[in-house]
Amino acid sequence: MELGLKDRIALVTGASKGIGKAIALELAGEGCRLAICARGAEELEKVRVIAEGKGVRCVARRADVTDPKELKAFVHDVERTFGALDILVNNAGGALPGRFEQVNDEGLIHDYEVKVLSQVRFVRATLHLLAKSHAPRVININAIPGRVAFPQLFATTVNRAACHALNKTLAIELAPKGILVNSINIGSVVTPQWENIRNRLAPGMPMEEFTAERARGIPLGRFGTPEEVSGLVAFLASDRASYITGASIDVGGGSGMHV
Ligand SMILES: NC(=O)c1ccc[n+]([C@@H]2O[C@H](COP(=O)([O-])OP(=O)(O)OC[C@H]3O[C@@H](n4cnc5c(N)ncnc54)[C@H](OP(=O)(O)O)[C@@H]3O)[C@@H](O)[C@H]2O)c1
């Protein structure tokens, strides 16, 4: 399928590892020019080099998405370099495991800043650029928790529920400007985030064994890969998805017991 993404400009947050890295490289492979950020400059630079190896310009900037000044400076870089933006992918995030009584207010608020406020702020900061694009897209990488309550992931459930509401609200709010806003809800995808969880819960256990044990409740019986997410991002970014907005698409191998 010809996606027609060549020369579009895409900003991907949290693109140094895992799902964000796969999204950045997928879009680079489709010929998109890129702007990527993460807190760790070293890993980010490696992604920049791989992306540019695919023949596209890639701006990489160390930025914490919870810091409004760093976020604005990053968007300023994008504007200075490309003067435009077509695709915003809000991907940066991480897990704060724990039940209600294990998560304190500070943890919950920080998790809100990472997951919800960063999406709000990136949309605010890029709106003037997206509004000028002929095919503007906002793609939010969210989670199945939030559509379903996972008590063991209290912060994720509460804050991702806000992300789902944000996604729908923005889709309606920005529709008159032609900006399409969609959510991809991850179930369990093997990334460095899961390697950290494995290191904490079962140090030394091979990743395949660790994920196989945890995949018992997933209908497809396995974890996904970042590339099983990134193809959907490219599709939603493309003209082939021009009538899809406000959608919330699970990529979870059948996980999620909601209708
Ligand atoms: N993997 C899963 O099974 C799963 C499940 C549900 C939802 N998700 C969501 O999918 C997204 C990607 O997850 P992943 O598994 O690929 O995670 P990951 O492997 O931990 O990668 C996260 C990326 O985001 C960056 N990042 C984290 N916090 C940041 C911050 N405050 N500012 C800027 N960059 C930040 C990280 O780089 P630095 O650390 O260098 O900043 C990294 O590039 C996240 O939003 C996550 O919550 C994933």
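See above for the structure.
If you're wondering where the values come from, they're calculated on a predicted model, not measured in any experiment.

**Remarks on helix H5 (residues 154–174)**
Over its 21 residues, H5 runs 30 Å from end to end, which matches the ideal 30 Å to within 8%, given 1.5 Å per residue. For H5, the set of buried residues is Phe154, Ala155, Thr156, Asn159, Arg160, Cys163, Leu166, Asn167, Leu170, Ala171 and Leu174.

**Concerning the site of the ligand**
Within the structure, the ligand sits among 30 residues, and Gly14, Gly18, Arg39, Gly40 and Gly93 are positioned closest to it. Only helix H1 (18–29), strand S2 (33–38), strand S5 (137–143) and helix H6 (192–201) provide two or more residues apiece to the shell around the ligand. Residues that form the shell around the ligand fall into these classes: 13 nonpolar, 13 polar and four charged.

**Considering the sheet that holds strand S6 (residues 180–186)**
In space, the seven strands of this open sheet follow the order S3-S2-S1-S4-S5-S6-S7, with parallel pairing throughout. If you trace the sheet from one side to the other, it starts and ends with strand S3 (58–62) and strand S7 (248–251), each paired once. Across the sheet, the mean angle separating the axes of adjacent strands is 15° when strand polarity is ignored. Here S2 runs beside S3; their pairing, made up of five bridges, is parallel. Its bridge partner being in S3, leucine 34 is matched across the sheet by cysteine 58.

**Digging into the packing of H1 against helix H8 (residues 227–237)**
Where H1 contacts H8, the two axes come as close as 8 Å, and the packing angle between them is 50°. By the angle between their axes, H1 is oblique relative to H8. Along this stretch, H1 crosses H8, giving a crossing that reads as right-handed. Where H1 abuts H8, its residues Ile19, Ala22, Ile23, Glu26 and Leu27 lie against Glu227, Val229, Ser230, Gly231, Val233, Ala234 and Ala237. The residue inventory of the contact of H1 with H8, partitioned by class, reads eight nonpolar, two polar and two charged.

What counts, and where the lines are drawn
- The written sequence of each chain sets the order in which its residues are numbered from 1.
- Given that the model is predicted, a residue must reach a pLDDT of at least 70 before its local features are reported, and side-chain atom pairs must reach 80 or more before they are shown or counted; all residues, however, enter totals for whole chains, interfaces and linings.
- For the purposes of this entry, the term helix denotes a DSSP run of H or I that reaches at least four residues, the term strand denotes a run of E that reaches at least two, and both are numbered from the N terminus.
- Helix span, expected: 1.5 Å multiplied by one less than the number of residues in the helix.
- To sort residues by burial, count the other C-beta atoms lying within 10 Å of each one's C-beta; a count of 20 or more means buried, 12 or fewer means exposed, and anything in between means partly exposed. C-beta atoms are built from the backbone.
- Being near a molecule or strand means, for a residue, that its C-beta atom, positioned from the backbone, comes within 6 Å of it.
- Residue polarity follows a fixed list, in which Ala, Val, Leu, Ile, Met, Phe, Trp, Tyr, Cys and Pro are nonpolar, Asp, Glu, Lys and Arg are charged, and the others, Gly among them, are polar.
- Think of it this way: DSSP has to see at least two bridges between two strands before they count as a pair.
- Think of each axis as a best-fit line through the C-alpha atoms, taken over the contacting stretch in the case of a helix, with angles from 0 to 180 degrees between the N-to-C directions.
- For this classification, under 35 degrees means roughly parallel, over 145 means roughly antiparallel, 65 to 115 means roughly perpendicular, and everything else is oblique.
- Crossing handedness is defined as follows: a turn of the near helix away from the far one that is anticlockwise and smaller than a right angle gives a left-handed crossing, while the clockwise case is right-handed.
- Any residue pair is listed as a contact if its two C-beta atoms, each placed from the backbone, are within 7 Å.

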